[in-house]
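Topology and contacts: notes
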Amino acid sequence: MARYTKEDVIRIVEEEDVEFIRLQFTDIFGMIKNVAITSSQLTKALNNQYTFDAAAIEGLSGSTRYDMCLHPDLDTFEIFPWRPQQGKVARFICDIYDEDGRPAGGDSRSVLRRVCEEAEEIGYHFRLKPECEFFLFQMDDRGLPTTITHEKASYFDVAPNDFAENVRRDIVLNLEEMGFEIESSHHEIGAAQHEIDFAPSDALTAADNLMTFKMATKSIARRHGLHATFMPKPKGDDYGSGMHLFMSLTGPDGKDVFGDPEVPGGLSAAACSFITGILRHMPGMTAILNPLVNSYKRFVPGYEAPVTITWSAKFRDSLIGIPNRRTENTLIELRSPDSTTNPYLAFALVLAAGLDGVKRGLRAEEPVDRSLAKMDRVELAELGLRQLPMSLGDAVEAMNEDAFIKKILGKQIAETYIKTKRREWNVYNAQVTQWELDQYLNKY
């Protein structure tokens with residue numbers, strides 16, 4: 001059931017003194033974009049009549065027709081509680097349509113909606129919850145971010161060791177005021193590293209919430225004089241930030257698809273096929289799940305991030321694990337993504353890959369029930385274990401070779417993404433780093 005009608009939104013805007021409304025959307029690289037309108041233009045926006053020039057937005061400018069239309073999703077209407085309360089600011093998350101009334105080929109939100117609808121058509125309802133890690137660093141005198149922190153806190157520490165306890169609390173309270181259900185928040189292993197965990201929801205809501213969460217976290221941290229970064233590996237000698245995904249699947253009867261108490265381990269045949277589907281397509285979707293050059297600095301043995309394309313119900317250093325926590329439905333945990341991903345594309349690919357395994361009845365790959373955390377890549381290779389792509393360049397080429405992944409993304413998104421990320425990788429490879437100068441300039 002819809003939360004709001006057009007009349008509801010108009011009434012709330014008037015009663016709450018909302019002056020500005022942001023029409024938000026996410027580009028294919030996971031960056032929030034928006035057009036801000038005043039309340040006088042609200043009716044035009046609610047009637048899906050607001051057009052914008054998409055020529056300069058990669059992924060949307062794939063044709064000679066650049067005018068696109070923003071269709072606000074009424075159920076995403078929210079007032080930002082951290083903005084001034086006089087002349088308030090609200091937002092809609094929008095879908096992007098072309099002038100012919102069709103979903104735009106570069107609209108990543110429509111990709112996720114399509115995959116979820118296809119899952120529903122065959123009787124499956126997909127839910128997930130992301131657990132997002134991030135760092136809070138100091139800013140310099142010009143208001144620019146640094147990687148400096150004087151904090152020494154670690155896992156689950158509290159104030160006064162945890163300098164940012166009040167920041168996390170402020171973030172959670174603001175999100176709950178917007179209707180989020182937050183399960184928990186805590187200090188992570190790294191100094192100045194934090195985590196906030198959402199309650200499970202349908203995939204589209206989870207993706208919308210994640211984009212809002214990142215924006216809110218950055219905005220609220222800045223009010224406290226700090227910079228929040230979701231960069232996967234901001235410091236080479238510390239832990240990286242990931243985004244673990246906990247997934248469940250229910251059938252037409254609302255019952256758990258992944259669980260089967262009649263078999264050893266409690267995992268159903270469908271769960272094993274779902275896991276195998278993800279493992280088979282993991283190289284091809286890693287460029288989406290881990291989209292930055294920096295993402296691959298996180299995949300280093302010894303820092304808890306997965307390195308191998310393996311699963312286990314006993315050890316949490318595999319790519320996919322089966323949590324012990326008691327929940328209504330059996331959960332599957334995917335541990336490789338980071339929060340710089342476009343969640344609409346990421347969640348669509350994970351669901352599509354898992355269901356591909358279920359549809360094809362893929363047999364379960366053997367679990368690797370041993371700890372891999374202290375093994376280097378050579379030792380892992382000697383065990384015959386497949387490894388995640390070691391660089392963005394490797395990941396992009398694996399994506400280009402996976403026809404299934406490109407089909408799910410659609411021609412326009414896949415081609416633009418591959419072309420842009422190849423260019424990013426080539427630019428990175430041409431850089432001369434400080435490490436190289438320190439190592440070689442004097443010696444050679």
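Here, the structure is the one placed above.
Let me sum up the structure you'll find in this document. (Residues numbered from 1 in each chain as written. Predicted model: local features only at pLDDT ≥ 70, side-chain atom pairs only at ≥ 80, totals over all residues. Heavy atoms only, no water.)

Here we come to the overall build of the protein. What the protein contains, in helices and strands, is 12 helices and 14 strands. With 444 residues in all, the protein has 54% of them scored as buried. Considering only intrachain contacts with a sequence separation of at least 6, the fraction spanning at least 24 residues in the protein is 70%. Carbon and sulfur atoms make up 49% of the accessible area of the protein, which amounts to about 20,700 Å² in all. (Helix = DSSP H or I, 4+ residues; strand = E, 2+ residues; numbered from the N terminus. Buried < 20%, exposed > 50% of the residue type's maximum accessible area, 1.4 Å probe, protein only. Contact = heavy atoms within 4.5 Å. Areas by Shrake-Rupley, 256 points an atom, 1.4 Å probe, with all protein chains shown as cover.)

For helix α6 (residues 269–289), built from 21 residues, the straight-helix expectation of 30 Å at 1.5 Å per residue is missed by more than 12%, its first-to-last C-alpha distance being only 26 Å. Along its length, α6 reaches its greatest deviation from straightness, about 70°, at Met-282, and the proline Pro-283 lies no more than four positions downstream. Of all the 21 residues making up α6, 18 are buried; the element is thus mostly covered by neighbouring parts of the structure. (Expected span 1.5 Å × (residues − 1). Bend = angle between axes of the 7 residues up to and from the residue.)

The tally for this structure, following the rule as stated, stands at three cavities of 30 Å³ or more. Here the largest cavity defines a volume of roughly 90 Å³. In terms of residue class, the lining of the largest cavity is built from nine nonpolar, two polar and two charged. (1 Å grid on protein atoms, 1.4 Å probe; cavity = no way out; pocket = protein on both sides within 12 Å on 5 of 7 lines; lining within 4 Å. Points joined across faces, edges and corners; volume = space filled by probe spheres on them. Nonpolar A, V, L, I, M, F, W, Y, C, P; charged D, E, K, R; others polar.)

Scanning all chains against the criterion turns up 18 aromatic pairs. On the basis of an interplanar angle of 25° and a centroid distance of 5.5 Å, the ring pair of Phe-29 and Tyr-417 is categorised as stacked. Of the two residues, Phe-29 sits in the loop between β1 (18–26) and β2 (32–38) while Tyr-417 sits in helix α11 (residues 411–429), which places them 388 residues apart along the sequence. In this structure, Phe-29 and Tyr-417 share a single accessibility class: buried. A network of ring pairs unites the aromatic residues Phe-134, Phe-180, Phe-198, Phe-213 and Phe-230 as a single cluster. If you follow Lys-129 out to its NZ or CZ, it ends over the ring of Phe-246, 5.6 Å from the centre. (Phe/Tyr/Trp six-rings, centres within 6.5 Å; stacked < 30°, edge-to-face > 60°. Lys NZ or Arg CZ within 6 Å of the ring centre and 35° of its normal.)

Attention now goes to the sheet that holds β2. With mixed pairing, the five strands of this open sheet are ordered in space as β2-β1-β5-β4-β3. The open sheet terminates on both sides in strands that have one partner only, identified here as β2 and β3 (50–53). Averaged over all pairs of adjacent strands, the angle between their axes in this sheet comes to 40°, without regard to strand direction. Bridging between β1 and strand β5 (residues 88–98) involves six bridges; their strand directions are parallel. Bridge assignment links Phe-20 to a residue of β5, and that residue is Val-89. Against the sheet, helix α1 (residues 6–15) engages β1, β4 (67–79) and β5, with an angle of about 70° to β4. (Pairing = 2+ DSSP bridges. Axes fitted to C-alpha atoms, helices over the stretch in contact; angles between N-to-C directions.)

Here β3 shows a buried face lined by Tyr-50 and Phe-52 and an unburied face lined by Thr-51 and Asp-53. Examined bridge by bridge, β3 and β4 share four bridges and lie antiparallel to one another. Bridging from a neighbouring strand, Tyr-50 pairs with Leu-70 of β4.

Let's shift gears to the pattern of salt bridges. Tallied over the full model, the rule gives 23 salt bridges. Here Arg-11 and Glu-15 are joined by a salt bridge, their closest N and O atoms 3.4 Å apart. Of this pair, Arg-11 and Glu-15 both sit in helix α1, four residues apart, which is roughly one turn of that helix. What makes Glu-15 exposed here is its relative accessible area of 55%. Through salt bridges with shared partners, a single network forms among Asp-73, Asp-95, Arg-109, Arg-113 and Asp-208. (Salt bridge = Lys/Arg side-chain N within 4 Å of Asp/Glu carboxyl O.)

To continue, consider the nonpolar core. The biggest cluster of nonpolar side chains holds 95 residues, and the ones touching the most others in it are Phe-213, Phe-274, Ile-278, Leu-334 and Phe-347. Beyond its immediate sequence surroundings of up to four residues, Phe-213 is in contact with Cys-132, Phe-134, Ile-171, Leu-175, Phe-180, Ile-196, Phe-198 and Phe-230. Formed by 28 residues, the second largest nonpolar core is a distinct cluster that contains Tyr-4, Val-18, Val-35 and Leu-74. (Core = buried A, V, L, I, M, F, W, Y, C linked by side-chain atoms within 4.5 Å.)

Successive side chains on a regular strand alternate, one facing one side of the sheet and the next facing the other. With 11 of its 14 residues buried, strand β6 (residues 125–138) lies for the most part within the structure. In this structure, β6 lies alongside strand β11 (residues 243–250), joined through eight bridges in antiparallel fashion. Residue Arg-127 lies in a different strand from β11, and its bridge partner there is Ser-248. Examined bridge by bridge, β6 and strand β9 (residues 201–202) share two bridges and lie antiparallel to one another. Looking at the pairing, Leu-128 lines up with Ser-201 of β9. Two elements, β6 and strand β8 (residues 193–198), share five bridges in a ladder whose sense is antiparallel. Bridge pairing links Phe-134 to His-194 in β8.

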